[in-house]
Structures are given as structure tokens and as C-alpha cells.
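Residue-level listing of the chains:
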Amino acid sequence: MTHLSPPLPHPDFTAAREILFARTDYATNAAAPPIFQTSLFSFDTYEDMAAVFAGEPRLVYSRGDNPTVMEFESLTAALEGAEAGRAFSSGMAAIAAVVMAFVQAGDRVVTVRNVYGDAFKLFEKLLVPLGVRFDYIDGTDPEAVAAALPGARLLYLENPTTLTFEEQDLSALTALARQHGVITAIDNSWATPLYQQPVRHGVDLVIHAASKYLGGYSDTVAGVVVGRKELIDRINGLTYPYLGAKLSPFEAFLLTRGLRSLPLRMPLHMAGGLEIAARLAAHDDVEQVFHPGLRPGGANRSLTGFGGVFSFEVSPAIDVPRFANALRHIRLGVSWGGPESLLVPLKVAVPATPSTVPNPFSRFGISPRLIRLAVGLEPVESLWEDLSTALTAARI
Ligand SMILES: *Cc1c(COP(=O)(O)O)cnc(C)c1O
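Residues numbered from 1 in each chain as written. Predicted model: local features only at pLDDT ≥ 70, side-chain atom pairs only at ≥ 80, totals over all residues. Heavy atoms only, no water.

A. Quick peek at the domain arrangement of the protein chain. For the protein chain, the assigned domains read domain 1 (14-260) and domain 2 (263-393). For domain 1 versus domain 2, the separation of C-alpha centres amounts to 27 Å. On the side of domain 2, 38 residues touch domain 1, which itself brings 38 residues to the contact. Here domain 1 meets domain 2 over a buried area of about 3,300 Å², counting both sides, of which 64% is carbon and sulfur. On inspection of domain 1 and its partner domain 2, the count reaches one salt bridge. The interface formed by domain 1 and domain 2 includes 14 residue pairs in polar contact (both at pLDDT 80 or more). Elements supplying a minimum of two residues to the side of domain 1 that touches domain 2: α1 (14-20), α5 (117-127), α8 (192-195) and α11 (249-259). Classifying every residue of the side of domain 1 that touches domain 2 by side-chain character gives 15 nonpolar, 13 polar and 10 charged. (Domains from an automatic or database assignment. Contact = heavy atoms within 4.5 Å. Buried area = accessible area lost by both parts, 1.4 Å probe. Salt bridge = Lys/Arg side-chain N within 4 Å of Asp/Glu carboxyl O. Polar contact = N/O pair within 3.5 Å; in protein donor to acceptor, adjacent residues only side chain to side chain. Helix = DSSP H or I, 4+ residues; strand = E, 2+ residues; numbered from the N terminus. Nonpolar A, V, L, I, M, F, W, Y, C, P; charged D, E, K, R; others polar.)

So, in C-alpha cells, the structure goes:
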């Protein structure tokens with residue numbers, strides 16, 4: 001079995017639990033946050049209303065602030081060690097709101113190759129036609145990043161990256177970005193604030209697809225961004241109100257509820273993911289496993305633990321569709337972060353004929369034999385039996 005290095009401490013998440021389980025003072029001493037299912041908040045007097053229009057902060061309309069949503073925003077910001085946060089109706093809405101708040105026509109964004117597929121499509125289909133340029137770099141190579149940064153407006157990161165799970169040296173990259181006056185943003189959905197706090201490594205804005213681990217139960221699509229107040233204020237003044245992709249109070253309630261079990265769920269996702277990844281790495285029909293936990297971490301590693309999502313490439317001896325259809329426990333499905341294990345064979349996403357739209361799956365040499373697995377909360381032995389039986393059944 002592959003050896004995991006370095007050995008990771010088993011954290012008890014004291015700081016996160018202080019935040020998540022602090023004594024609250026909700027209305028009527030409710031233990032759970034009340035759901036303010038209202039579109040608007042009215043004013044007592046003309047003068048009250050005038051004060052708001054003169055700039056006094058107050059609840060007005062739920063496309064702006066809503067107390068149930070604010071509860072989720074402030075918990076997430078606190079978990080990330082950030083000053084402020086803003087929630088959105090999806091992870092993609094959060095990504096779009098961040099990028100579009102900081103770039104204009106003529107600006108250039110530097111981003112990691114193998115960035116999340118729909119972020120890539122946002123960049124290429126919507127923002128390139130508006131005159132924004134994107135450079136896709138190997139984030140594991142600080143020299144390549146240093147060469148791309150001069151003149152750029154935004155450095156958009158993932159750590160690890162999507163599908164290939166490449167790890168970057170966040171502190172080194174943010175130091176370079178600061179030298180060149182470039183704002184940094186990262187999608188931290190995979191590691192969660194429990195296993196990586198990018199703000200502590202100099203990242204300006206931290207984004208989550210809260211649909212994944214933060215929510216944790218596969219029942220909500222949502223996004224959130226946290227960071228310095230000044231930067232969140234810019235988003236609040238530009239993209240948040242006018243793109244209009246606000247989060248609903250009920251979904252914010254579900255997310256706050258989900259956050260409270262994050263410290264219980266993540267160690268199971270992490271341990272299950274590492275165990276299955278190591279067993280796959282030792283399997284004859286598996287050529288490569290892409291999981292940061294199976295690689296030695298550098299001295300500057302910012303990950304203090306691992307999400308349960310990784311990928312592996314099966315050998316040509318495996319018929320991928322037959323493998324997928326032979327699974328009895330693990331489901332085929334997109335998304336991840338909930339209790340159920342989910343598998344995506346990349347073969348289904350790679351178009352048979354070259355398309356005119358840039359395709360993230362063919363661009364960076366990703367094999368059609370690559371398979372992404374999101375390890376849920378089921379017993380590892382059930383998952384392993386399912387995978388090993390399906391691999392045997394799929395041998396050509
Ligand atoms: C799912 C996902 C997103 C997008 O989130 P949605 O809520 O589906 O819009 C962004 N980044 C990563 C890494 C994701 O897995």
C-alpha cells in the first residue's frame with residue numbers, strides 16, 4: 001500500500017467548534033436561527049426611510065441583506081478567518097460575482113490549468129467575448145506564475161486543482177501576486193476551512209461551492225465568498241445586487257445547519273478518501289491515482305487535511321462504461337460533498353468529436369480513462385468491495 005506522507009495530525013477543530021457552537025442570541029431565545037422568509041423590511045417613518053437612502057445600513061430588501069443569510073455568511077467568514085462574507089444562489093454565482101467585480105475589458109486573469117470546468121466555461125464563453133483575457137498556467141511552477149503575473153488584474157486559484165488535484169504553494173503564489181499588485185481569489189470547496197485557510201496564506205478572497213461540503217447533505221445549491229471587508233464591499237456594490245443571484249433564507253438555514261456537522265463529517269470523508277485512493281493505487285488495473293494525500297507535501301503545504309474527492313486513471317484493460325454499470329453501491333452522479341459516494345467517468349464528458357467551444361477536459365491532456373470519485377460517509381469496506389468487484393467485471 002502506498003505510504004502517506006507527511007503523517008497528518010488529527011485535529012479536534014477546537015477553533016471551528018468555538019465558532020460553530022458559540023452561544024447565540026437569536027430572537028425569542030430560539031436555539032436555531034429563525035428563517036426570515038420575507039422579501040422586504042418596512043420602515044416605521046418617512047425619516048427612517050430617508051436615513052436608509054442616505055446610506056444608513058439597515059435591512060431593506062432580501063436581494064441585499066437577510067438575517068438568515070447573514071448568519072451563514074458570518075459563520076463562514078469566521079471559519080475562514082476572514083472579515084466579511086457574501087452568500088450566493090450557487091457556487092458559480094459566487095465565482096462570477098468575484099471575477100466580474102474585479103475585471104473589465106482589457107484586463108487579464110491568470111488562473112490554474114484544470115480549473116473547475118464551469119468556471120472555465122464562464123471565462124471562455126462569457127468573459128472572453130467581453131474582452132477579458134485568461135492565461136492558464138501550471139500553478140505548481142511558481143516561475144511560470146511569476147512570468148504570467150506582471151500586468152494581470154486577478155490570480156484565480158484552486159488548491160488542489162480540479163480533476164488532476166495538483167497542489168500549489170499558496171504562500172509563494174500570493175507573495176508574488178502582492179509584488180505585482182494582483183488580487184488573489186481561490187475556490188476552497190475541496191479542502192473546506194477545516195483543512196485549508198487560504199486567508200492565512202495571503203489569499204484575498206475565498207470562494208466556496210457551498211453545495212458541496214459546507215452544506216454537506218446534497219440538498220442545496222449555494223455559494224459564498226469571504227475576504228477583507230473592503231473587497232467584499234466592492235462585490236456588494238457591484239455584482240451582488242445587480243447580477244441578483246442571492247441565496248434564499250431557507251437554503252441559508254439548511255447551510256447553517258449543515259455547517260454545524262462539518263467537523264464531524266470531514267474526518268470521515270478524508271479517511272475514506274485516503275484509504276480508497278491508496279487501495280486503488282495498489283490495484284493492477286489502475287494506472288494512476290490523483291490525490292494530494294498520496295504525494296509528499298512540500299514544507300509550505302497549506303493543506304492540513306484532505307477532502308474525499310480524487311481521481312484515478314484505469315488501465316486500457318478496463319472497459320469504462322462496463323465498470324460504471326457494474327457498480328451497485330456507488331452512484332453515478334455529478335456534484336459531491338454529501339453523504340453518498342458519487343462517481344463520474346470523464347469519458348462521458350469528453351466529446352467524441354472536437355467541438356468549437358474550448359473543452360476543459362481535452363485541453364490539458366486529461367485521459368478519457370480518468371474517473372472522479374467522491375467518497376461519501378459509507379463504510380469504506382462496502383465502497384471497496386463495490387469498486388474492486390466492478391473493476392474485475394469490467395476487464396476486457
Ligand atoms: C460544484 C463546484 C463549483 C460550482 O458550484 P455550484 O454550486 O454547482 O454552482 C465550483 N467549484 C467547484 C470546485 C465545484 O466542485
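Resuming the write-up.
B. A look at the nonpolar core. If you look at the biggest cluster of nonpolar residues, it comprises 90 residues, and the most contacted ones within it are F72, F123, L155, Y156, L205 and I235. Setting aside anything within four residues of it in sequence, one finds I235 in contact with F88, A97, V98, A101, F102, L205, V225, Y240 and P241. (Core = buried A, V, L, I, M, F, W, Y, C linked by side-chain atoms within 4.5 Å. Buried < 20%, exposed > 50% of the residue type's maximum accessible area, 1.4 Å probe, protein only.)

C. Here's a closer look at the sheet that holds strand β7 (residues 223-227). As summarised here, the arrangement of the seven strands in space is β1-β7-β6-β5-β4-β2-β3, forming an open sheet in which the pairing is mixed. Two strands lie at the open edges of the sheet, namely β1 (84-88) and β3 (133-137), each paired on one side alone. Adjacent strand axes in the sheet meet at a mean angle of 20° when their direction is disregarded. When strand β6 (residues 205-209) meets β7, the two strands line up antiparallel, connected through five bridges. What sits directly across from I207, in β7, is V225. Seen against the sheet, helix α4 (residues 91-102) touches β1, β4 (154-158), β5 (183-187), β6 and β7 and runs at an angle of roughly 155° to β6. (Pairing = 2+ DSSP bridges. Axes fitted to C-alpha atoms, helices over the stretch in contact; angles between N-to-C directions.)

D. Looking closely at helix α9 (residues 229-237). Every buried residue of α9 is listed here: L231, I232 and I235. Along the axis of α9, the buried positions cluster into a sector of 100°, meaning they face one direction only. Along its buried surface, α9 packs onto β1, α4, β6, β7 and α10 (239-243). (Arc of directions from axis to C-beta.)

E. Structural context of the site of the ligand. In the vicinity of the ligand, the residues found are S90, G91, M92, I95, Y116, D187, A209, S211, K212, V221, A222 and W336. At 2.5 Å, a side-chain N or O of D187 approaches a nitrogen atom of the ligand. Taking 380 Å² as the accessible area of the ligand by itself, protein coverage stands at 87%. If one sorts the elements of the shell around the ligand by residue count, α4 sits on top with three residues. The residue makeup of the shell around the ligand, split by class, is seven nonpolar, three polar and two charged. (Near = heavy atom within 4 Å. Areas by Shrake-Rupley, 256 points an atom, 1.4 Å probe, with all protein chains shown as cover.)

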